[in-house]
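This is what each chain is made of:
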Amino acid sequence: MIEQIGQWFDRRLQLAAPIREVAEHPVPRNTASWWYVFGSAALTVFLLQLVTGILLALIYVPSASEAWSSLQALNHDVTLGWFIRAMHGWGSNFMVAIVLIHMVQVFLFGAHKFPRELTWIVGVFLLLMTLGMAFSGQVLRFDQDAYWGLGIGASIASRVPIAGPAIVKLMLGGPIIAGATLSRFFALHVFVIPGMLIGFVTLHLLMVVKLGINEWPMPGRVVKRTTYINEYHELTKKAGAPFVPYAIWKDLFFAAFVLLAVAACAVYFGPFGPTGKPDPTIIQTAPKPDYFFLWLYALLSLLPPSLETPALLIGPVLVIIGLLLLPFLSGEGEKSWRRRPIAVLTVLLIAITLGTFTHLAGYTPWSPHMNAWSGAPVPDEFLHGTTALQRQGALVFQVKQCRNCHSLGDQGGQRGPALDSVAVRLTQDQLIRQVIQGGGNMPAYGKNLTPAETTALVAFLETLHPQGQTPARDASRDVALGEDQAQRQSAQR
Amino acid sequence: MSDENKISRRGLFMKLGILFNGLVATALAVPIVRFLSSSVTQGRAGAYLSWVPLGPLSEFPEGETRLATFRNPNVMPTDGKTVDTACWVRHLAGDQFQVFAVNCAHLGCPVRWFQQSGLFMCPCHGGAYYQDGSRASGPPERGLFEYPTRVRDGILTIQAGELPTPGEAIALLNEKPPCGARNALVSIEGGKLSASSETNALLGKKKTWA
């Protein structure tokens, strides 16, 4: 009975034969490896994102005045709304991570080489779309971070020569970040990019099936355009095994494992935000991007100002062009990572760089600690045995918000150097000059300190040196003032 | 005429059909492109800008810098709170004001004012500005964005309506103050800055940052 129904459908659809052909196409035996599961895992998470995304759209309202409260409703009022939001948020993190791992694996296994150049190129676009989904998704979580994140995006876009202002208005849908901005990011996140993703994923998969999965790279087995196709056929036709069930069981296991991992993160950590309301008049906020853009946040803080605009505008273009040209620049030759030291070092260098930037963005040493001046008092040990003038200086030090950028006893900002032993580094004259004129990334305080305050502050700073280590002094003073007087001065400290 | 060069009746109709579709597509592209680019074209020549009241002068004590808010003049029904905008108002003396956008000139994060040290500090990437808006330190390449100001009938108004971004300073006083130039040259006597450099810089007159 069931077979009859099946046959009825297949006489009309005629899909059974091509599906069987795809399922049973022979793959090289050694590709049935746990290293080959990341592509299918990325597809699995993409499908999860489609499903959870549609579920969220049942409640979410893409309006600047309603979006935030509709997310609150999802978190607190709708049954299991929090879980679906958490799945979608964690799914997004997993998707970016898995796509990146997949890309690194493909690169290290030489799978971008002939004849799979176009598969790689389509993959590069899939990566860009994935990142586009991650950013636009962060915007739809219309909270403070989303609002100011859009401002950062607009500020970057505005730096494009000539067209900058027009690009900003096109991106925002008007002169400011408002309702139209959210609506167009909704359209991008829900219609435009997913539509393109579905199309490109289909192309990507089609090529994987037509060209065959990349064989396990063997050191010494060199790719040549003239002979590769025949060699690959040898591997698949003579020594290959059908994809189903020989290789697919590992994909299935890993897919289920990834889904479980997303669900576990969702249950344990819960949904992302929303943080504060997207009200631009609330300025007590320190916006931060989502995890996968943290490295960019760090880079934007650490680039010298003069390099920033060129790096922002030219850098991404060069990276994308480099990725697109890669299969043409190294389309032949060794596939194995064992024989490609530069490839391995490049991956390591990029991974370490991104990892370091992400780590730095976790504690933002470049940002002033806005509340340190009132929240972190000068530690007691720095005040023992000090004179009235020096204590007055410690007060000036706090009140003038020096602590926001300078730490004492490991508390305070890290924007400027820690001052625990500043007296060893700078003489009295240098301290006065630095405080009044600034320089080396420090603002000048001359206008905001009276002479008395400056004197007190510098007197306090001169006490900041480790016990047993003498403070820096200007040797010429001994000559200018006479040795006795100079010694008497340093004895006073 | 050889057979290959012959155009069949059906072939001609197909080509005409493609041409016809091309013409219709071009005609339809005009409204589509105009719709898509409307947010750009509507704002040409400062059309998004207008004079917005910030409040009576009594709300801004002389010599102080205070946060003020205004409603963006371009509002859509779905905008919610996003059209409420904050700005820093610095009352120098009399009718002389400096009104700064809260958006950092680096990447647009909201800067905070610290009265005691006379600095605006940015929480994102560590930009800092002096009380007159000029750049003090950090990644910004210029001083804070400034709105043109006007005092009418005891009400402080500013010309606003667009998000200030580093690439665009329409309606904002556009000169880039040199990095802390006016602040670095401070005598040890310190205290108050002489009025000359600040007062002539404001209101009506074009700014000069000599």
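Residues numbered from 1 in each chain as written. Chains lettered and ligands numbered in written order. Predicted model: local features only at pLDDT ≥ 70, side-chain atom pairs only at ≥ 80, totals over all residues.

Asks: Which residues make up the overall build of chain B, and what are the values?
Replies: A tally of regular secondary structure across chain B gives 4 helices and 11 strands. A buried classification covers 40% of the 210 residues belonging to chain B. For chain B, long-range pairs separated by at least 24 residues make up 53% of all intrachain contacts whose partners lie at least 6 apart in sequence. (Helix = DSSP H or I, 4+ residues; strand = E, 2+ residues; numbered from the N terminus. Buried ≥ 20, exposed ≤ 12 C-beta atoms within 10 Å, placed from the backbone. Contact = placed C-beta atoms within 7 Å.)

Asks: Can you break down the pairing of strand S11 (residues 155–160) of chain B residue by residue, with the values?
Replies: For a regular strand, side chains alternate in direction, first toward one face of the sheet and then toward the other. Residue and element names in this part refer to chain B. Both strand S1 (residues 50–56) and S11 contribute to a ladder of 6 bridges, which runs antiparallel. Residue pairing in the sheet places Trp51 in a bridge with Gln159 of S11. As defined by bridge partners, strand S10 (residues 149–152) adjoins S11 across 4 bridges and the pair is classed as antiparallel. Bridging across to S11, Arg152 finds its partner in Ile155. Joining the antiparallel neighbours S10 and S11 is a turn of 2 residues, in which Asp153 adopts a positive phi near 50°. (Pairing = 2+ DSSP bridges.)

Asks: Before we move on, can you summarise the domain arrangement of chain A with the specific residues and values?
Replies: Partitioning chain A into structural domains gives domain 1 (2–363) and domain 2 (372–492). Between domain 1 of chain A and domain 2 of chain A, the C-alpha centre-to-centre distance is 51 Å. (Domains from an automatic or database assignment.)

Asks: Which residues make up unusual backbone geometry, and what are the values?
Replies: Residues and elements named next belong to chain A. In this structure, the amide linkage connecting Phe114 to the following residue, Pro115, adopts the cis form with an omega of 0°. Structurally, Pro115 is set in the loop between helix H5 (81–108) and helix H6 (117–140). Note the cis peptide between Gly273 and Pro274, where omega equals 0°. When you line up the elements, Pro274 lands in the loop between helix H12 (248–269) and helix H13 (294–302). Positive phi values are uncommon outside glycine, yet Leu80 reaches one of about 60°. Note that Leu80 resides in the loop between helix H4 (67–76) and H5. At Ile162, a residue that is not glycine, the phi angle is positive and equals roughly 65°. Judged by C-beta crowding, with 8 C-beta atoms within 10 Å, Ile162 ranks as exposed.

Asks: Provide a residue-level description of the sheet that holds strand S3 (residues 84–93) of chain B, including the pertinent values.
Replies: All names here are of chain B. Taken in spatial order, the 4 strands make up an open sheet running S2-S3-S4-S9, and their pairing is antiparallel. The strands lining the two open edges of the sheet, one partner per strand, are strand S2 (65–71) and strand S9 (146–147). Taken together, the 6 bridges between S3 and strand S4 (residues 96–101) define a ladder with antiparallel strand orientation. Counted as the bridge partner of Trp88 is Phe100 from S4.

Asks: Tell me about the interface of chain B and chain A, residues and numbers included.
Replies: The interface is formed by 58 residues belonging to chain B together with 63 residues belonging to chain A. Of all the secondary structure elements, the ones that give two or more residues to the side of chain B that touches chain A are helix H2 (38–41), S3, strand S5 (112–114), strand S6 (119–121), strand S7 (128–130), strand S8 (135–137) and helix H3 (181–184) of chain B. Here the side of chain B that touches chain A gets 3 residues from one element, more than from any other, and that element is S3 of chain B. For the side of chain B that touches chain A, the class distribution of residues is 24 nonpolar, 26 polar and 8 charged. (Nonpolar A, V, L, I, M, F, W, Y, C, P; charged D, E, K, R; others polar.)

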